Amino acid sequence: MLFRSGSLAILLRQTFDSRHAQQAEVELSRASGETQHFLMHVTPDGGVCHALLTDITTYRQAHLLLMEGRAQQEHDLHTSASRIRSLNEELEEVLQASQQHLNLLLCRVTNLLGQAQTAATPAGTDQYIQSAVQVAAQLTAMLGSLDRYRQTRLMRLRLRPVAVSSALQAALKRLGPSLAGRDVTVTYDALPTLQIDSQALTLILEEYLSNALKFTRDQRQARIHLLHRETPTEHHIGVSDNGVGFNMRQKDQLFRLFGKLHSPKDFEGLGIGLPTVRRTCERFGARVWAEGKVGQGATFWFAWPKHPRLS
């Protein structure tokens, strides 16, 4: 029971009426406005009562802190459990979609090689083999996207200063096979140093560059440029290309899981690369978006806070 000072009379009456010792928690307010909590033990002795007051203010404050900490822990556990369930459901979706796309691409390669064997002319054989090579390249690109998705689930992130230019070179090195045999020009503004995880930054740039390489595939000369804009609170990094672009009315679909805007017959992929970037950025409080125009290329941005917080 919690009694305020005005309720002491009730406690005393109960003690006299029952002829037994009573115990209750009493809250007393000082003139300064400070509140103290006491444990009052009242023992009847004939026509009088003996009262023993024990100050439990500190204990009560500690108890409240423990209760608040427990409530926060329960909230954090609930949030973590929900996130794990969501990630596991997403993983199951990705695995199912990956299996379907892998089977489709393997069937296409098998059919093309079979047609190459039965082609009537050497030119026909070369044409089928070249098509099979292109499908195999799509398969390689898709496996690369799956590998980057896997990396995001395994990365142990930590914040430290990382030069964007260094991460760019690392990403381009990893994308070497996709650059082979193509005329691709990569340029960039003066790039900043970000407070970020180096693996995360390399992965973000690799995915954006891979996306640019994919959608500039039909260009005789692919041009990719990294932009940098700065605000008082953020660094904006954009990867711009001269590829097929997209309709801005569909921009919200780009960063959704499996949110592909183009037919798999035209451009390979599962639609997990850009959502991987979004999820990685969100863990640091960063933002992503895209700008584009059909037939005139696209720019994919991420806004990185100058003081990120890892979650």
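Please refer to the structure higher up on the page.
Residues numbered from 1 in each chain as written. Predicted model: local features only at pLDDT ≥ 70, side-chain atom pairs only at ≥ 80, totals over all residues. Heavy atoms only, no water.

Asks: How should I be thinking about unusual backbone geometry in this particular structure?
Replies: With glycine set apart, most residues show a phi of negative sign, and most peptide bonds adopt trans. With phi around 60°, R19 is a residue other than glycine that occupies positive phi space. By the secondary structure assignment, R19 is in the loop between α1 (8-18) and β2 (22-29). (Helix = DSSP H or I, 4+ residues; strand = E, 2+ residues; numbered from the N terminus.)

Asks: How do you make sense of the sheet that holds strand β9 (residues 234-241) when you look at a structure like this?
Replies: The strands making up a sheet are joined through hydrogen bonds of the backbone, oriented either antiparallel or parallel. Sheet architecture is open: five strands sit in the order β6-β8-β9-β11-β10, paired in mixed fashion. Here the strands that pair on one side only, and so sit at the sheet edges, are β6 (184-188) and β10 (287-292). Each adjacent strand pair in this sheet contributes to an overall mean axis angle of 15°, direction not counted. Relative to strand β11 (residues 298-305), β10 runs antiparallel, the two sharing six bridges. For E291, the partnering residue across the bridge sits in β11 and is T299. Lying on the sheet, helix α6 (residues 198-215) is in contact with β6, β8 (222-230), β9, β10 and β11; it crosses β11 at an angle near 170°. (Pairing = 2+ DSSP bridges. Axes fitted to C-alpha atoms, helices over the stretch in contact; angles between N-to-C directions. Contact = heavy atoms within 4.5 Å.)

Asks: Sorry, what's going on with the pairing of β2 here?
Replies: Each regular strand displays side chains that alternate between the two surfaces of the sheet. Sheet topology places β2 next to strand β3 (residues 35-45); eight bridges connect them, and they run antiparallel. Among the inter-strand pairings, Q22 is bridged to a residue of β3, identified as V42. Here β2 hands over to β3 after five residues, with G33 in that stretch at a positive phi of 95°.

Asks: Got a minute to help me understand the packing of helix α3 (residues 122-154) against α6 in this structure?
Replies: Helices that pack against each other are described as a pair by the angle of their axes relative to one another and the distance between those axes. Following both chains from N to C, one finds α3 and α6 inclined at 160°, their axes separated by 11 Å at the closest point. By the angle between their directions, the pair α3 and α6 is classed as roughly antiparallel. Regarding α3 and α6, the two cross each other, and that crossing is left-handed. Contact with α3, carried on its side by S145, R148, Q151 and T152, involves L203, E206, E207 and S210 of α6 and no other residues of that element. Of the residues assigned to the contact of α3 with α6, the class counts are one nonpolar, four polar and three charged. (Parallel < 35°, antiparallel > 145°, perpendicular 65-115°, else oblique. Left-handed = near helix turned anticlockwise from the far one by under 90°. Nonpolar A, V, L, I, M, F, W, Y, C, P; charged D, E, K, R; others polar.)

Without other data, these values stay purely geometric and don't point to any function.
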